[in-house]
Structures are given as C-alpha cells and as structure tokens.
Amino acid sequence: MTESHAIESHQHETRRFPPPSDFASRANVTPELAAQLYAEAEADVEAFWAKQAATLDWMTPWTQVLDWNPPHAKWFVGGKLNIAANCLDRHLTTWRRTKAAIIWEGEPGDTRTLTYWELHREVCRFANVLKKFGIRAGDRVAIYMPMTPEIAIALLACARIGATHSVVFGGFSAEALRDRINDAGCKLVVTADGAWRRGTEVRLKPAVDAALEQAPTVQTCIVLRRTGAKVDMQPGRDHWWHEMLETVSDDCPPEALDAEHPLFILYTSGTTGKPKGILHTTGGYLTQVAATAKWVLDLKDDDVYWCTADVGWVTGHSYVVYGPLANGATVMMYEGAPNHPEPDRFWRIVDRHGVTMLYTAPTAIRAFIRWGEQWVLKHRLDSLRLLGTVGEPINPEAWMWYRQVVGKGRCPIVDTWWQTETGGMMIAPLPGATTTMPGTATRPLPGIGVEIRTKDGQPVGANEGGYLVLTRPWPAMLRTIWGDDDRYRRQYWSEIEGVYFAGDGARRDEQGNYWIMGRVDDVINVSGHRLGTAEIESALVSHEAVAEAAVVGRPDELKGSAIVAFVTLESGRSGDDALRAALREHVAREIGALAKPDDIRFTDALPKTRSGKIMRRLLREIAASGNVVGDVTTLEDFSVLEKLRADEA
Ligand code: ATP
Ligand code: MG
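Residues numbered from 1 in each chain as written. Chains lettered and ligands numbered in written order. Predicted model: local features only at pLDDT ≥ 70, side-chain atom pairs only at ≥ 80, totals over all residues. Heavy atoms only, no water.

1. Quick notes on the pairing of strand 15 (residues 277-280)
The side chains of a regular strand alternate between the sheet's two faces. Put simply, the test is: The rule is simple: take the accessible area with a 1.4 Å probe, protein chains only, and divide by the maximum for that residue type; under 20% is buried, over 50% is exposed, in between is partly exposed. Runs of H or I in DSSP of at least four residues are treated as helices and runs of E of at least two as strands, each being numbered from the N terminus. Any two strands are treated as partners once DSSP identifies two or more bridges connecting them.
Taking every second residue as pointing to the same face, both faces of strand 15 are buried, with Gly277 and Leu279 on one and Ile278 and His280 on the other. Inspection of the sheet shows strand 14 (residues 264-267) paired to strand 15 by four bridges, in the antiparallel sense. Directly across from isoleucine 265, in strand 15, lies its bridge partner leucine 279. Of the strand pairs in this sheet, strand 15 and strand 23 (residues 480-481) are connected by two bridges, and their pairing is antiparallel. Bridging from a neighbouring strand, isoleucine 278 pairs with isoleucine 481 of strand 23.

Here is the structure:
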C-alpha cells in the first residue's frame, strides 16, 4: 500500500477470551448456528436478509429484496409493515401480553413497570392524540424529552401512524433544538416540563418555548408532566399530555407503511463536525436491529436488559426501543445520572431489578474506574450475564476492568462498532461463538461487508491500518442526509470509489478481527509516520495513574506534527514533571518511541459531546492556537473548554 496513506499499528494484544461453554451452549447463536449464519450470508446475502426479514410481521409481502442503485438502496421493495405492530401487537397474542416491556426507574427512585399490554394501549392512545392534531404519515414530529417511558411511547406512536420522528437529546440547548426542528420542518413537538439530573431539575419546556420563537413550522406542542415545575403554556399551541389522553380512544389500527417509509431522522453526535440529519426507513431498519439485538445481545424471555444510552442517541433508538421490543424483551430504563446520589447508582439498579445485560459506553466505564472499584464491589451483580459497549474504541485496560470488576470474569463482553448512519450493529462478537480480545469489536456480523482500504481504494494486508469501508449495502443503512442528498454522496460514497466511507481508521488482524484505530480526521503525522489516536491513548490509559487520555497533533516544523496528550488522572493523583516523564517512558515501552507524546497536559476533564465522546478536533485547535473556532453546538460542558483555554494562556 502507498506509504503515505497507511496508518501504522504498534499494538500487540494477546489476551483472548473464548465464550464460556455454558453461555455458548445456551446462546441464541451457538457456535454451530454462527457458522451456519456466516455460510448462508456468504452464499446469498439477499436471501440471507430476506430470511431475517421474514421473522417480522408483514402486511404485504415484498416483491424484490434489494434495489441497489448506488448510492441509493431500497430494501424489501413493495413490502408493507408497521414497526409498532411488530414491537407490540404481535406479542399480545402470546403470553408476553402480561410480560414487562419496560421497567423504569426515575432518578428520585420512583419506579414504573409497563407490560406489553399496557405499553400497547398507551401507544395507541398517544397515536390518537397525534392524529387529533392533524399529524399524518410523512409529517415530522420533534421529540425533546427526558428518559421516561413516555419517550418510548412517543416514538412508537409516531411509528404506528407513519409520522417521522426526530429525537433531539434533552440536554441540548434551545438553539440546537431550534436548528434541528427547522432542518426537518417539524409540525409538532413532544416535550416535558423537565427532567431530573443529579438531583436538580433540568428544565425542558423553557428551551422549547425559546426554540419555537423561531420555528415557524411547529403548530402544536404536547407537554408531559414529569417534575411538576411551573411552565408557561401558550393557549392554542401547548397541551398537557395527560389531558389530551383523556380525550382519545385506545383503538388505533397500525398503518400499513411502505418498507421504505421514513421512520426517523436523527442528527449525528457532532464529534467530527456539524451534525448531519441521518434518515432511516422502516423494513430494512427493523430487520437489522431486530436480528442484531437477538444475535449480539442474546435477548431471552427471562432477561432484564439494560442499555444505558439515552433515547436521544441512535443506540437508544435501535437498542433501547426498536430492537429489544421487536424481540419481546424486558427493557430497563433509567432517567438520571450514574453518580446520583452516589457513584454506585448503576450497580444499585442492577441489583434492585435483577438486570442481566448491561450495554453502555466506554466513557461511562472510564468514569467508573475513576470513581473507584469500591463502589462496584459493594453490590452483588450476580444477575449479570452479558456486558456490552458502544460509542468509542474501548481502551483494553478499561475492557479488562469491565470484565473483572463488573463481570467478575464470568460475562462475555460485546464491543459493538456501528454508527448513526449504519442504524444497527455492524462489527461485533456473537457472544456464544466469538473469541473476544480487549480492544477489538472482532468480526463483521453475518451479511455485513467490511474491508480496510487505502485512500485510493486498494485492499491492505493483515495488520496494516487503513480506512474502514463497507463494501455492500445493508438493510439498516441510512438512505440519505435529510434535505442534502449531495452531501450524502460526497461524505459517504465519494471518498473511496464504490464503497461506503465510515470515517474511521482500522486494521484487521490475521484472525480477521477489526481494531478501530480512531477517526481518520484525527490521524497524527509524525515524521512521515501516520499514527491513529486510539493506540497511544490506550497506552496512556494502561498506566495506573491515568483515567482518560486524548491525543492530538500540533503542527511542528521539524516532524510535521508533535504529539500532544491531554490526560486526566485517577482520583487522588496529581500531575507533575516526574509523572510526565514516566508517562512518556510508559508509552515508549508499550508501543514505541515514535509515539512518545512531546507534550503532556494534565486536565480535570476532556471536552466531550453530550453523548460522551472525546472531541479531539477542539483539543487540536487548542493545542495549535489556544483557541476554538469549530462547531461547538454538541459540546457537553463549555466550562471545560474555558478551562483548557485558560491553561493555555
Ligand atoms: P459525527 O459523525 O457527527 O462526527 P459521531 O461519529 O460521533 O459524530 P455517532 O454516529 O454517534 O456520531 O458515532 C459513530 C462513531 O462512533 C463511529 O464512526 C466510531 O468512530 C465510534 N464508535 C462507535 N462504536 C465504536 C466501537 N465499538 N469501537 C470504536 N469506535 C466506535
Ligand atoms: Mg460519524
């Protein structure tokens, strides 16, 4: 491969964890079934996906599995179905009608359980409320809500009548909400008075009021009462959720919707730039999220499954709501912060509700490590049987900690690589069949085509880093960027001829495992060597004093780029020159002298998106000029930036 495009790898991970035999023999995907799924997908990928789609309820069968007109795909052409009916109605004819669909815990400690029967009824009623306000198939509805059962009800009610939802995370500002409402042209907004977060009320309705001053397409706003705070209700426009429900029937037949009907628009996290409105449709999306939830999350009828993501992110759409409910699972939902009232809240929830699977993000795991394992060890956690992660590369030492301290060495870990754009999981272990290693999402799922290429599209050899691309359409793929099909073509299908460009650097090892090396935008060029960020960061995190690290390049006349590392320390540790020297030596030992940071800056916190991902582009600007001009609308905490700027000065 052309040297200038390679991303070098210096990592040597040897720890391997085959699936425990008792897990493997009972898994939804046993080793035998895994082999069969891969073989079927290889033999005829369209027939393979059609077989998965056939496990859903269709109102009209499709006539063509895939219509691929690059870069536009239509899956299950001519087929009609309803996602809410697949997530709810079809369970009502079985014993699952009385099974818990959602077990919810609010931050103050209040709980609610909704059976499939009850959830179905609430969804029908809310769908009738939407209809009453003139919402029809194809209209866009913005959802700006706390993590309460009603956010799931709102999504499913939209899906039932064919309204396209656009969920905006409840932590976003009025401006971010306004821009997303206007981009999608929403007619109605569903919100709440507020939400509980770290013991205080996050007020939502005032942000909606501010947003709606400049959102002319919105005619109606429906407000859930959650905290009881006083809110301004604009007559004619604003209505209380509970009052509206009293005026409607609980009978709402599901619409027969085209397989390509737009289900939702969701904006990406904004880790690398301005968020993009990703459009997902109906039949292919549900096929892939339902299948992957079954394979990778191993959902069974006696599980209590907890994905800690907010429904405001794609993980919440696909693996809190649609995938698990399509499988008839019991879903745990929690409203608040992981460290309220104390840093063991998650572990209390696990024991209190008998949670069997925990699916969370590396940023959360690093926070738990920083808070100290004593908070975890206070709890039994013996109901857990499977752990998962998504959102960022997980540092191998964090993976090991998750495995030992949370999983007691007993629970397989599924590290799942996917994106808002992919809609569902793409690279992930099958926990009953795949041997895992810390730091790799392992192999592409059956039916998914992944390769590593150079910038000019050439395949690369084992362990050579390059660009992660997807070589064939997949059912849950994004269909376009809302309102900007040109950008869809440019961003994903033009960087490398003929394939989908994911924007991540990766390498594949001899066993076929994929190791994500960081975003290609973040690659650091040191004296002609191109280094991904993940390996250097993982080397830093493997030092006992380090909690979290982000590395970026700073322009350097001699080397092209100097490596600057921003490091947060474990609680109780303080940074000085001796530690700086020790960390540089540590990195040299772990991965080589080339990767030694030129500059190490200790900081209390790193700038992150509201979904918890490190925003290296802001650190790059700070390292280069001390200032930030890039898009910061998705930044979680502006004071972090202020502080980093001040440190710089
Ligand atoms: P934007 O595209 O706006 O910059 P984003 O890429 O953070 O934001 P998401 O769709 O939420 O938006 O995140 C997808 C990205 O998250 C992937 O491209 C990858 O960089 C990272 N990611 C997700 N899961 C994993 C994983 N298991 N291992 C490594 N990286 C992951
Ligand atoms: Mg992205």
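2. Description of the UniProt feature "binding site: CoA" (unreviewed entry) in the protein chain
Here is the rule we go by: UniProt positions are given in the numbering used here, feature names are shortened, and annotations may be inferred rather than shown by experiment. Residue contacts are defined here by distance: any two heavy atoms, one from each residue, within 4.5 Å place the two residues in contact.
Mapped onto the present numbering, the UniProt feature "binding site: CoA" (unreviewed entry) falls on Arg197, Arg198, Gly199, Thr200, Thr315, Asn339 and Ser527. In sequence the annotated residues extend across 331 residues, and in space they extend as well, their farthest C-alpha pair lying 50.0 Å apart. Among the secondary structure elements, arginine 198 is positioned in the loop between strand 9 (194-197) and strand 10 (200-203). Judged by relative accessible area, arginine 198 falls into the partly exposed class, the value being 44%. Discounting chain neighbours no more than four positions away, the residues touching arginine 198 are Glu107, Ala337, Pro338, Asn339 and His340. Turning to its location among the elements, glycine 199 is positioned in the loop between strand 9 and strand 10. For glycine 199, a relative accessible area of 41% translates into the label partly exposed.

3. Looking at the side chain of glutamine 288
Spelled out, the test is: Residues adjacent in sequence count toward polar contacts only when both atoms are side-chain atoms; beyond that, a polar contact is any pair of N or O atoms within 3.5 Å, and within protein one must be able to donate a hydrogen and the other to accept it.
Along the chain, glutamine 288 turns up in helix 10 (residues 283-296). Among the residues examined, glutamine 288 registers a relative accessible area of 0% and is labelled buried. A polar atom in the side chain of glutamine 288 sits 2.9 Å from the backbone nitrogen of alanine 476. With residues up to four places along the chain from it excluded, the contact list for glutamine 288 reads Trp49, Thr422, Gly424, Met425, Met426, Ile448, Trp474, Pro475 and Ala476.

4. Overview of the packing of aromatic side chains
What counts, and what does not: For Phe, Tyr and Trp, rings pair up if their centres lie within 6.5 Å, where Trp contributes its six-membered ring, and each pair is then called stacked (planes under 30 degrees apart), edge-to-face (over 60) or tilted (otherwise). Note on geometry: a ring has a charge over it if NZ (lysine) or CZ (arginine) is within 6 Å of the ring centre and within 35 degrees of the ring normal.
Here the structure, examined in full by the defined rule, presents 30 aromatic pairs. The interplanar angle of 90 degrees and the centroid separation of 6.4 Å between the aromatic rings of tryptophan 306 and tyrosine 334 together place this pair among those described as edge-to-face. Within this pair, whereas tryptophan 306 is found in strand 16 (residues 304-307), its partner tyrosine 334 is found in strand 17 (residues 330-334), the two being separated by 28 residues in sequence. Considered together, tryptophan 306 and tyrosine 334 belong to a single accessibility category, that of buried residues. Summarising the aromatic geometry, the rings of tyrosine 319 and tryptophan 418 are spaced 5.1 Å apart at their centres and angled 85 degrees between planes, so their arrangement reads as edge-to-face. Note that tyrosine 319 is positioned in helix 11 (residues 314-326) and tryptophan 418 in the loop between strand 20 (413-415) and strand 21 (450-453), a separation of 99 residues in sequence. For the pair shown, tyrosine 319 and tryptophan 418 are each scored as buried. Site record: aromatic cluster; members linked through ring pairs are Trp68, Trp474, Tyr488, Tyr492, Trp493 and Tyr500. Positioned above the aromatic ring of tryptophan 117, the side-chain terminus of arginine 97 is 5.1 Å from the ring centre.

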